[in-house]
Amino acid sequence: RIVSDRPGALLGRRPLHFFVLADCSGSMASDGKMQALNHAIRETLPHLASVAALNPHAEVLVRVIAFSTGARWHLSVPTPADVLQWEDLVPGGFTDLGAALGLLGAALSAGAVEERALPPAVLLVSDGMPTDEWQDALARVLEQPWGQRAVRVAVAIGRDADQGVLQQFMGSTETPPLSASNPEQLLRMLRWASTYASRAASIVAPLNMPLPVDLRSLGDEVTW
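Residues numbered from 1 in each chain as written. Predicted model: local features only at pLDDT ≥ 70, side-chain atom pairs only at ≥ 80, totals over all residues. Heavy atoms only, no water.

*Asks:* Sorry if this is basic, but what is going on with the overall build of the protein chain here?
*Replies:* The secondary structure content of the protein chain amounts to seven helices and six strands. Overall, the protein chain shows an N-to-C arrangement of helices and strands of α-β-α-β-β-α-β-α-α-β-α-β-α. Across the protein chain, the fraction of contacts at a sequence separation of at least 24, relative to all contacts at a separation of at least 6, is 75%. Surface exposure of the protein chain reaches about 10,500 Å², of which carbon and sulfur atoms provide 53%. (Helix = DSSP H or I, 4+ residues; strand = E, 2+ residues; numbered from the N terminus. Contact = heavy atoms within 4.5 Å. Areas by Shrake-Rupley, 256 points an atom, 1.4 Å probe, with all protein chains shown as cover.)

Next up, the structure:
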């Protein structure tokens, strides 16, 4: 991994915890959405690793929460993107976003993140609307100092995704969540969102990244 020729550069890198919250509800089984998400994440990891390698100040560490009926750690150990071997997510069940936010809140609680870490980055991907209580869970995330500092980005899969919920998760009234209507768009969105979130969380990286408005070049096909 390319870090820097400066002695001690690797030791000087600060952890940047990158969380993916992945919707694995039953609706993700339709129209190949789950397959497309697994492919998009697998293809995004080398891209994220390349972005991380260019930043000598940050060590990007990935964790993944899968949520359906309840939530679980799909990848609980903080893992560098360049060594992560992706295991496919499996769909089935409800859309318990609140449960996922509960796991995230615990991971961002006092003492759970190194003091020297950079602000965390959180990427939420969903194709529906929550089926449990999520507002209080989000509020508890934001009560945590690391939760307040986290960079939060959301990607909506298909026309049935609840844009309002995703926007509240992002905490922005001006920037809508990204939206993907086919597998090609999903891959493009995840790559952009992952790069943006990791750079935005870094205090030393530039944010010269316009929104990917040229997605029309991928075609007008609507799969979902």
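*Asks:* Whenever I open this one, the pattern of salt bridges confuses me. Can you help?
*Replies:* When the charged atoms of two side chains with opposite charge come close together, those side chains can pair. Scanning all chains against the criterion turns up three salt bridges. Residue Arg13 is joined to Glu59 by a salt bridge in which the shortest nitrogen-to-oxygen separation is 2.9 Å. You can see Arg13 sitting in the loop between helix 1 (9–12) and strand 1 (14–23) and its partner Glu59 sitting in strand 2 (residues 58–68), a full 46 residues away along the chain. We classify Arg13 as buried; its relative accessible area is 4%. Since its relative accessible area comes to 15%, Glu59 is described here as buried. Two residues, Asp88 and Arg42, come together in a salt bridge whose shortest N-O distance is 2.3 Å. (Salt bridge = Lys/Arg side-chain N within 4 Å of Asp/Glu carboxyl O. Buried < 20%, exposed > 50% of the residue type's maximum accessible area, 1.4 Å probe, protein only.)

*Asks:* Where do I start with the packing of aromatic side chains in this structure?
*Replies:* In this description, a pair of aromatic rings is defined by centroid distance and the angle of the planes. This structure, assessed with the given rule, holds two aromatic pairs. Ring geometry for Phe19 against Trp73: centres 6.4 Å apart, planes inclined by 50°, an arrangement best described as tilted. Here Phe19 is found in strand 1, whereas its partner Trp73 is found in strand 3 (residues 70–80), with 54 residues between them in sequence. Aromatic pair Trp192 and Tyr196: ring centres 5.1 Å apart, planes at 5°, arrangement stacked. On the criterion of helical spacing, the pair formed by Trp192 and Tyr196 is a turn pair, its members being four residues apart in helix 7 (residues 183–201). With a relative accessible area of 26%, Tyr196 lands in the partly exposed category. (Phe/Tyr/Trp six-rings, centres within 6.5 Å; stacked < 30°, edge-to-face > 60°.)

*Asks:* It is not clear to me how the pairing of strand 3 should be interpreted in this structure. Could you clarify?
*Replies:* On a regular strand, one side chain projects to one face of the sheet and the next to the other, so that they alternate. When strand 2 meets strand 3, the two strands line up antiparallel, connected through seven bridges. Looking at strand 3, one finds that Phe67 is bridged to Ala71. From the end of strand 2 to the start of strand 3, which pair antiparallel, there are one residue. (Pairing = 2+ DSSP bridges.)

*Asks:* What exactly am I supposed to notice about the packing of helix 2 (residues 33–53) against helix 7 here?
*Replies:* The geometry of a pair of packed helices is captured by two quantities: the angle between their axes and the separation between those axes. Packing of helix 2 against helix 7 leaves a shortest axis separation of 9 Å and a crossing angle of 35°. Here the hand of the crossing between helix 2 and helix 7 comes out right-handed. For the pair helix 2 and helix 7, the contacting residues are Ala36, Leu37, His39, Ala40, Ile41, Glu43, Thr44, His47, Leu48 and Val51 in the first and Pro183, Leu186, Leu187, Leu190, Arg191, Ser194, Thr195, Ser198 and Arg199 in the second. (Axes fitted to C-alpha atoms, helices over the stretch in contact; angles between N-to-C directions. Left-handed = near helix turned anticlockwise from the far one by under 90°.)

*Asks:* Just checking my understanding: could you explain the nonpolar core for this structure?
*Replies:* It is characteristic of soluble globular proteins that their nonpolar side chains tend to be buried jointly. Membership of the largest hydrophobic core comes to 44 residues, with the highest contact counts inside it found for Phe18, Leu37, Leu89, Leu123, Val155, Leu186 and Leu190. Going through the elements one at a time, strand 1, helix 2, strand 2, strand 4 (121–126), strand 5 (151–157), strand 6 (178–180) and helix 7 are the ones with two or more residues in this core. The leading source of residues in this core is helix 2, at nine residues. Once residues lying within four places of it in the same chain are set aside, the contact partners of Phe18 are Leu48, Val60, Leu61, Val62, Arg63, Ala121, Leu123, Ser194, Ala197 and Ser198. In this structure, Val122, Ala137, Val141 and Phe169 belong to the second largest nonpolar core, which totals 27 residues. (Core = buried A, V, L, I, M, F, W, Y, C linked by side-chain atoms within 4.5 Å.)

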